[in-house]
Amino acid sequence: MADQAITLGALLAAARERLKQARIPDAALDARLLVEHFTETTQADAIARPEQLIEAGRRDAVEKALEQRLEGKPVHRIIGRRAFYGLELTLSPETLEPRPDTEALVDLVLEYARRDNGDDRPWRLLDLGTGTGAVALALLSVLPNAQAVGVDVSADALATAASNADINGYGSRFTACRSDWFAGVEGRFDFIVSNPPYIRDGDWPGLSREVRAFDPRIALVAGPDGLDAYRAIAAGVALHLASGGMVAVEIGFDQKDMVSEVFAANGFDLADAVRDLAGHDRALIFRTKTAR
Ligand SMILES: C[S@@+](CC[C@H](N)C(=O)[O-])C[C@H]1O[C@@H](n2cnc3c(N)ncnc32)[C@H](O)[C@@H]1O
């Protein structure tokens, strides 16, 4: 490659065209995210100062990133981080890339936590399968006096979650706990939340190549019917839920009835369900069954 600078506008146009030609979905968005990240520019720079010169080293970094994208690596894996609920979260090999759909789970928990002027209460939160810390940290970002314990079976994910808590300014209110679901968890919590693995074993081969190659299988797959993690979680909730507490989970689009049955069998009533932006059932919240 010639050792010369290129303008930001030309670099962006070339990157967009390259991904488009290769039929990469969302080519324009991916090109923009990669160029912005590796040239340390913003969308505003591209609009206001497209003539600004990008030095050869940065242009080469964009070039390498485009090659990775053309080989199928997802754009946020290349960048190494992804935005979730207004937070910037670093990814690592054993963390799932947080998905926008999971914001529905956060909103559902917040709706209940903030009832009756509850915003400022010292809520105790438990996030089972915390991954990057996405759900716990999003809740901490809105509830200023809450404390969260993030549980994961993966040491790599937990280290990433703890680092994300520090980077985003919530390190003093976040505790990482390595545990197989509740096995190593102590204490009781006002809200137990989880976005657990919920894909059926048999559906794994049909997922996109990008997901299979770059998201950890253990973060996504949960037995022949996809319900193994819900069974493990529902069985342990009663021992760790504070009086009046609630448990909320993300679900697959067709799992509302099945997951409700799993929790009902363990003594919990469905209190509410919300859909994601595509209109699919996405998050459920339960409370302890009342005596009838
Ligand atoms: C679907 S990911 C969710 C990650 C993150 N909470 C999010 O919403 O982006 C599920 C997480 O559960 C963790 N996990 C899987 N099996 C587990 C187990 N037995 N005990 C604790 N965590 C587990 C995985 O490592 C993964 O981080």
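Residues numbered from 1 in each chain as written. Predicted model: local features only at pLDDT ≥ 70, side-chain atom pairs only at ≥ 80, totals over all residues.

1. Comments concerning the site of the ligand
Basically, it comes down to this: Each residue gets a C-beta atom placed from its backbone. If that atom is within 6 Å of a molecule or strand, the residue is near it. Runs of E in the DSSP output that reach at least two residues are strands. Runs of H or I that reach at least four are helices, and both are numbered from the N terminus. Under the scheme applied, nonpolar residues are Ala, Val, Leu, Ile, Met, Phe, Trp, Tyr, Cys and Pro; charged residues are Asp, Glu, Lys and Arg; polar residues are all the others, including Gly.
Taken together, 22 residues lie around the ligand, and Gly129, Gly131, Val153, Asn195 and Ala219 are the ones closest in. Those elements giving two or more residues to the shell around the ligand turn out to be helix H7 (134-142) and strand E6 (147-152). Considered class by class, the residues forming the shell around the ligand number 13 nonpolar, 7 polar and 2 charged.

2. Remarks on unusual backbone geometry
Note the threshold: Working definition of burial: number of other C-beta atoms within 10 Å of the residue's own, with buried at 20 or more, exposed at 12 or fewer, and partly exposed in between, all C-beta atoms being placed from the backbone.
One non-glycine residue, Glu40, lies in positive phi territory at about 55°. Looking at where Glu40 falls in the secondary structure, it is placed in the loop between helix H2 (27-39) and helix H3 (43-48). In this structure Glu40 comes out as exposed when scored by C-beta crowding, with 9 C-beta atoms within 10 Å. Unlike most non-glycine residues, Asn117 shows phi in positive territory, near 55°. Within the secondary structure layout, Asn117 lies in the loop between helix H6 (103-113) and strand E5 (124-128).

3. Some thoughts on helix H10 (residues 228-240)
This is how the line gets drawn: In this scheme, a helix's expected span is set at 1.5 Å multiplied by one less than its residue total. Contact between two residues is assigned when their C-beta atoms, built from the backbone, lie within 7 Å.
Over its 13 residues, H10 runs 19 Å from end to end, which matches the ideal 18 Å to within 8%, given 1.5 Å per residue. Along H10, the residues classified as buried are Ala229, Tyr230, Ile233, Ala234 and Val237. Buried residues in H10 make contact with E5, strand E8 (189-194), strand E9 (241-250), helix H11 (256-264) and strand E10 (268-275).

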